[in-house]
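Notes for the structure review
What follows is the residue order along each chain.
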Amino acid sequence: MANLIKKAQARTSIAMLSLWGILFTLFIITGLVDHYFFTISSIGVTLQLAVPLGLLAAGQTICMLTGGIDLSIAMIATGAAFIVSIKSPSGLGWAILYATLYCILIGTINGLAVGLFGMNPLIMTLGMNAVLIGVFTVGITTFLKGSSTMPDIIIKLSSGTIVDPISWPLVLWVVFGGLIIFILSKTGLGRLIYAVGDNATAARLAGVRVWKVQLAAYIICALFSGLAGLMIGGQSGAVAMSLADSLVLPSVAAVVIGGTSIMGGIGSYTGSVMGALILTVLSYLLATLNSTEAVKQMIYGAIVLTLAWTYSKITEKS
Amino acid sequence: MNLIKIKRQSWNIGIVIIALGLGTWQINRLPVFGSYEARTILLGILPIALLSMGQAIIIIGGGINLAIGAESVLINCLAARFMAGKSFGIGVALTIALLLLSTCLGAITGLIISRSKIADIIVTLATSFILIGFAMYIQPSPGGGMNLSLAHLVSGKGTAFLPPLITLILPLLIIWIPLYRSRAGIAMYAIGSNKDSAFLSGVNVDLTRIKLYAVGGLFAGLSGIVLTAITLSGSPFASISNTATLNSVAGAVLGGVALSGGVGGLTGPALAALILYFIPTILLNYGIDPAYSQIITGALTIIVVLIGGLIRNRGKKK
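Residues numbered from 1 in each chain as written. Chains lettered and ligands numbered in written order. Predicted model: local features only at pLDDT ≥ 70, side-chain atom pairs only at ≥ 80, totals over all residues.

Helix and strand counts for chain B come out as 13 helices and zero strands. Starting at the N terminus and ending at the C terminus, chain B contains elements arranged as α-α-α-α-α-α-α-α-α-α-α-α-α. For chain B, whose C-alpha radius of gyration is 19 Å, the value lies close to the compact-globule estimate of 20 Å for 318 residues. With the principal axes as the frame, chain B shows a C-alpha extent of 55 × 45 × 35 Å. Each of the 318 residues in chain B was classed as buried or not, and the buried ones make up 51%. Counting only contacts in chain B whose residues sit at least 6 apart along the sequence, the fraction spanning at least 24 positions is 81%. (Helix = DSSP H or I, 4+ residues; strand = E, 2+ residues; numbered from the N terminus. Rg over C-alpha atoms; globule rule 2.2 N^0.38 Å. Buried ≥ 20, exposed ≤ 12 C-beta atoms within 10 Å, placed from the backbone. Contact = placed C-beta atoms within 7 Å.)

Dropping the structure here:
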């Protein structure tokens, strides 16, 4: 047993080391291509841009650790941003409350469907995403009519710098990311999340209410997605339907590159943070190349695939 | 054995009854019903039916392809770009070349999944990005065309409802039935129900998976060609590909294919496309805003998968 744990620890440290290696290499390449990259302010901006992805990846990590996946995060994030921007004239507190309730509602529906009704999480959340796209497409011309700009305080919290390269979103990320790491490693819920993901049947026989753990996972995921939505909305200043679309694949990729198994039970948020940083530097690098959106998308997909592949090969051997 | 056969057919019979019921409802609402209306219905279901069949083959083999919509969109864009203004002969040659290409794309996806041992969800999410990027590169904005006589050969013209019917049934006859009766067909069900025992019984799991993804790609290619013939243009939109992927999964599940793999056939998904076509059409006929169609698609998928799962679970307990 002790031997097994040692082996697992060795594997994790080699994996973390290789993640640092990839991040460092990408960092150097980006710096060589774009000379402005090695300034403190541009590092600050890069870290700032990594925050929404990091928050989405936090939720996704929790879902994947239970053996699920959440592909409705794009519309949860977009929806939360919409609600805050439209309700903020009647008070920011109310706006945030409504957005929180919205996230909890969607998370609960997802969690109950997956946990209690045994829905396939992939289909459930993909379907949910389509439903939400429809609801908001109709909504913005009817019951959600109103301003589409984010309140100033959110813009400040999502893109305001304190001291270069430290910004408000980075502080938020450290706080909420720390919370996730704490939940996963120190609390009972964290243990249960790993237990359910590793073997749901065994967990159920050991007396775990598996559906409650899954419900909690999807609600946490939805809340983090909502927060990420506010960050993205704040960084772009206004909300749009396709606000978080481009971050769905990266959120899954960040978690997978970070070593969390899509089957559940294995992984950590620290890995996902590394994944999010790697992908953010990568998109910075792609943005400096003078190419069309189409080419960027192709390169991005190819690199994500290569990274996931390399990572699985590295961890397989050791 | 006979009992199993009847049980398997009972699902298809159920679908036919529901489809007939919905069909009568819809036809009663039309002022006249002739071969023109029959062709309209066939054209409505054809792309979804072909895509569902492709997805069904992959799901039966225990996988899932989230890039199937992107494969279809890519072939659609390639066809529209290169067939515009060309003669019938070149059009036919290009069709064959594109079908080969989509088969190869599917095979490569299968190869990557087998070699990398990364979960198919992740590989296909990444390849969907690459394929959509490629489609956007080929056809930056909607447009293109197709030789009219070739389009009429595939999708008919005016009241000619036989060509689309043949396009729907021919792949079933010349691809599915030989596959179903071959060793690869048995291997497909074997790896879908239990990969490990299939491997231990001497099935080449990797090769079988590659073949399945190749055939899935072929169906996606067919769907792309049909789409080009119907719309006479190529549309490089990620939203189209996402909706198509979602529909393909819904069609496969509604057609009696279990998401856990190893169960189902292709006749069911082909028939299920009728239901997926009739329900939104009927709802829209009752004066519901077309913007709700996303909600309908998403909700329908969720409900279908939910009910399908519940029925299957009850059957198991008995």
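Taken residue by residue, the interface counts 33 residues in chain B and 35 residues in chain A. Those elements that provide at least two residues to the side of chain B that touches chain A are helix 5 (120–138), helix 11 (238–254) and helix 13 (293–317) of chain B. The element that contributes the greatest number of residues to the side of chain B that touches chain A is helix 5 of chain B, accounting for 13 residues. Of the residues contributing to the side of chain B that touches chain A, the split by class is 23 nonpolar, eight polar and two charged. (Nonpolar A, V, L, I, M, F, W, Y, C, P; charged D, E, K, R; others polar.)

Residue and element names in this part refer to chain A. In this structure, Ala77 and Ile278 are the most contacted members of the largest nonpolar core, which totals 198 residues. Take this core: its biggest share by element is 16 residues, from helix 10 (residues 210–236). Here isoleucine 278 is in contact with Leu19, Ile22, Leu23, Leu26 and Ile257, once residues within four sequence places are set aside. (Core = buried A, V, L, I, M, F, W, Y, C linked by C-beta atoms within 7 Å.)

Another aspect to go through is helix 8 (residues 188–198) of chain A. Considered for burial, the residues of helix 8 of chain A that qualify are Leu192, Ile193, Ala195, Val196 and Gly197 of chain A. Where the residues of helix 8 of chain A are buried, they touch helix 2 (40–65), helix 7 (168–186), helix 9 (200–205) and helix 10 of chain A.

Turning our attention to the packing of helix 7 of chain A against helix 8 of chain A. Helices that pack against each other are described as a pair by the angle of their axes relative to one another and the distance between those axes. Residues and elements named next belong to chain A. Here helix 7 crosses helix 8 at 70 degrees, and the two axes come no closer than 5 Å. Judged by the inter-axis angle, helix 7 sits roughly perpendicular to helix 8. Residues Ile183, Leu184, Ser185 and Lys186 of helix 7 touch helix 8, and the partners they reach there are Leu189, Gly190 and Ile193. Among the residues making up the contact of helix 7 with helix 8, the classes are represented as four nonpolar, two polar and one charged. (Axes fitted to C-alpha atoms, helices over the stretch in contact; angles between N-to-C directions. Parallel < 35°, antiparallel > 145°, perpendicular 65-115°, else oblique.)

All names here are of chain B. Summarising the element assignment, arginine 183 is placed in helix 8 (residues 183–193). Under the C-beta neighbour-count criterion, arginine 183 is labelled exposed, with 9 such atoms within 10 Å. Here the alpha-carbon distance between arginine 183 and valine 305, two residues 122 residues apart in the chain, equals 30 Å.

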